[in-house]
Amino acid sequence: MSKVTLKVLTDEDIRQIHNTSLQLLQEVGIEVEYEPAVEVLKEAGMRVEGRRVFFDPAYVEKKVAEAPHDFTLYARDPKHNVHIGGDDVAYVPGYGAPFVIDAGGNRRPSTWEDYMNLLKLAHMCEEMDLSGGMLVEPNDLDDRTRYLDALYAHIRYSTKCLMGSSYGADGARDTIELLAPVFGGKDALKEKPVVITLINTISPLKLDARQTGALMEYAKWKQAMVIASLVMAGSTGPATLAGALAVQNAEVLAGITLAQTVNPGTPVVYGSASSITDMRTGSVSIANAEAALLTASTAQLARFYGIPCRAGGGLTDSKTVDGQAGYESALMLMSPVTAGVNFILHTAGILQYWLCMSYEKFIMDAEIAGVIRRFKRSIDVNENTLALDVIRKVGPGGHFLTQIHTKRNHKTEMRKPVLSDRQSYEGWSKEKLTTEQQAARVWKKMLAEYEDPGLDEALQKHLQEYIEARKREITK
Amino acid sequence: MILEELKEAVMEGDRELVEELCQKVLDEKINPVEAVENGLIKGIEEIGRLWTEGEMFLPDVMMGADALKAGLDILGPELSKAKAAGDAKEGKGKIVIGTVKGDIHDIGKNIVAAMMTAAGYDVYDIGFDQDAAAFTNKAEEVGAQIIAASALLTTTMGEQKELVACLKERGLRDKYKVIIGGGPTTQGWADEIGADGWAETANDAVSLCNKLLAG
């Protein structure tokens, strides 16, 4: 286990939350708005009344234990394969925002052009381990079929792992159909997960038809899923954080149980986007002390179940790349990484509680994420790092700048900033760039340097034909 | 003092106490117009004031609005008689509110409804996953001035456009002010679909209604 391990709950606290969730699952049940899921759970022996499924605690514990402790997501380029679990953390860009906020704070509906730009940035940015999913809503494309364009773009223009469509069983099937020929056919997929999809519960205590339909389809193909709950303490859950966690935990356990019932061993990630309600306006607030506590608690709960975990992100309620955006995002990345979260969706780009993406914020968050990844790596203590020989050699009053030990070690020991300004005042004052202005330069340069990784022509044609045929079907 | 008790009970958001007191109003033949105007409404006005000052929070407003509604349900028949006789003031206006078809997010809508109630409007909440016809029919039934439609998803925003189209089709477009709101919506979207207004927050929604009805 990593030396850096933030704990905010005792083992006894975890046990109490677990027991409360099991009690909720058994006595209150989960409203499952997807008939095939209700059927599957009924056949597994769960008591069902209408669409309300009452889970047997022993069955839940048995099924959750069948989920893998960790797994590898396979990428088109094997150097981008991602291990999900253990002490590793995978950073994933912001997801699903319908707006972009430009430098200076002007908000506008996001477009396909933004989508492509962010995709290229995600591919280029070293800190991003996946290219992500719906990077922003391309509002200028037909909302019924835009997920097809989005999936194709990920496959075509990035060689990193991507996130699938959760747009019902159909969205999941299309995701599988598009990925199968890229990874050697459908049977090959069952052996190795190549896509991970965000499946959200509806708080409190519901699984909706669309997401649940996608869940069952992905489970059939043993593709990975983040099963995530978003309890807003004070509105969609109790105002008390322990109660909010009990509700979240019940929902996630229900989703995991369903996935393992459909196909035991399906890789799942225990997910949480839980946060609090601003009690003045009813709006969600996603970056605060309470959210950081929920995030760290989620890591502890997932570890209790032996399942990889998703929580946190470069999150903020701010509307522009300012001080608030910086300190909130740093907190909301520090908490999950130090607590042992393995998959951080929304690592980069988010403004205004998931509603907006910002290119400049993307760069700032990547920097924060890089700093925190370094922090998580902790301090190696061994003969080389203790450096006794070189200290002896330099002796009192000398310096280490010209030692071979320094030259050899500083690059791995010290992370070099991409964005942070470390110049003297004189150097900085020539242009007096703010973080936002500096970040704008970085992303523009990164975009200009993007290189098309290419994709086999015949494969491109095959995928395009599939997409055209599906579009005709969907829009007819 | 039952009027003071009614006011306090609304401010406490104590629905059961409000119901009990309203029953007492009927049983003891206390003037129902007095009970509403100088009791229940005073309570909700006070909540509105304290909320504006930052001393009360959403649960206070929403529970207060619920308690008020429970009281009005009991006193309703008597109040209608008084209104018919011209003894009671007409309300500020009638608003039909709901979340559009395909969308089950109703917390924001509930908050807006509570704020409108607190501001003195008669609010008819038709719930969530409601199609354009449901909004239109309810507005026709109660004689509303404003129809308010909420959508949280980019995939359900289109239903707000449907609502405007439905009103046009039935020749009712000019009869109602249509206002929209919800996470992904904007003033630009409201303009595009020909709605009469858009608001980002519950407070703005109330100001918008005031403005539309004053105009």
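Residues numbered from 1 in each chain as written. Chains lettered and ligands numbered in written order. Predicted model: local features only at pLDDT ≥ 70, side-chain atom pairs only at ≥ 80, totals over all residues. Heavy atoms only, no water.

Engineer: Mind showing me how you'd approach helix 5 (residues 146-157) of chain A here?
Structural biologist: Residues and elements named next belong to chain A. Spanning 12 residues, helix 5 covers 16 Å between terminal C-alpha atoms, matching the ideal 16 Å at 1.5 Å per step. Helix 5 sits mainly inside the fold: 11 of its 12 residues count as buried. Among the residues of helix 5, Arg146, Tyr147, Leu148, Asp149, Ala150, Leu151, Tyr152, Ala153, His154, Ile155 and Arg156 are the ones counted as buried. (Helix = DSSP H or I, 4+ residues; strand = E, 2+ residues; numbered from the N terminus. Expected span 1.5 Å × (residues − 1). Buried < 20%, exposed > 50% of the residue type's maximum accessible area, 1.4 Å probe, protein only.)

Engineer: Even after reading the chapter, I still don't get the side chain of Asp129 of chain A, so can you show me in this structure?
Structural biologist: Residues and elements named next belong to chain A. Looking at the element boundaries, Asp129 is found in the loop between helix 4 (112-124) and strand 9 (130-132). Here Tyr91 takes part through its backbone nitrogen, which lies 2.7 Å from a polar atom of the side chain of Asp129. Of the polar contacts made by the side chain of Asp129, one reaches the side chain of Arg373; its length is 3.1 Å. Those residues in contact with Asp129 that sit more than four places away from it in its chain are His80, Val82, Val89, Ala90, Tyr91, Lys160 and Arg373. (Polar contact = N/O pair within 3.5 Å; in protein donor to acceptor, adjacent residues only side chain to side chain. Contact = heavy atoms within 4.5 Å.)

Engineer: Sorry, what's going on with the pattern of salt bridges here?
Structural biologist: Side chains bearing opposite charge may pair, as long as their charged atoms lie close to each other. Residue and element names in this part refer to chain A. Within the structure shown, the criterion is met by 35 salt bridges over all chains. A salt bridge links Glu473 to Arg470, with the nearest nitrogen and oxygen atoms 3.0 Å apart. On the criterion of helical spacing, the pair formed by Glu473 and Arg470 is a turn pair, its members being three residues apart in helix 18 (residues 457-475). Arg470 gets classed as buried once you look at its relative accessible area, which sits at 12%. (Salt bridge = Lys/Arg side-chain N within 4 Å of Asp/Glu carboxyl O.)

Engineer: Explain the packing of helix 6 (residues 168-179) of chain A against helix 8 (residues 209-220) of chain A here, please?
Structural biologist: Between two packed helices, the angle of one axis relative to the other and the distance separating the axes together describe the packing. All names here are of chain A. With their axes 6 Å apart at the nearest point, helix 6 and helix 8 run at an angle of 35° to one another. Between helix 6 and helix 8 the crossing geometry is right-handed. Contact residues: Gly168, Ala169, Gly171, Ala172, Arg173, Thr175 and Ile176 in helix 6; Arg210, Gly213, Ala214, Glu217 and Tyr218 in helix 8. Across the contact of helix 6 with helix 8, the residue classes break down as five nonpolar, four polar and three charged. (Axes fitted to C-alpha atoms, helices over the stretch in contact; angles between N-to-C directions. Left-handed = near helix turned anticlockwise from the far one by under 90°. Nonpolar A, V, L, I, M, F, W, Y, C, P; charged D, E, K, R; others polar.)

Engineer: Where do I start with the domain arrangement of chain B in this structure?
Structural biologist: Often, the extent of an interface is quoted as the loss of accessible area on bringing the components together. Residue and element names in this part refer to chain B. According to the domain assignment, chain B contains domain 1 (2-84) and domain 2 (94-214). Measuring from the centre of the C-alpha atoms in domain 1 to the corresponding centre in domain 2 gives 26 Å. The interface of domain 1 with domain 2 comprises eight residues on the first partner and eight residues on the second. Run the count over domain 1 and domain 2 and you get zero salt bridges. At the boundary of domain 1 with domain 2, the tally comes to zero residue pairs in polar contact (both at pLDDT 80 or more). For the side of domain 1 that touches domain 2, the element with the highest residue contribution is helix 4 (residues 58-84), accounting for six residues. (Domains from an automatic or database assignment.)

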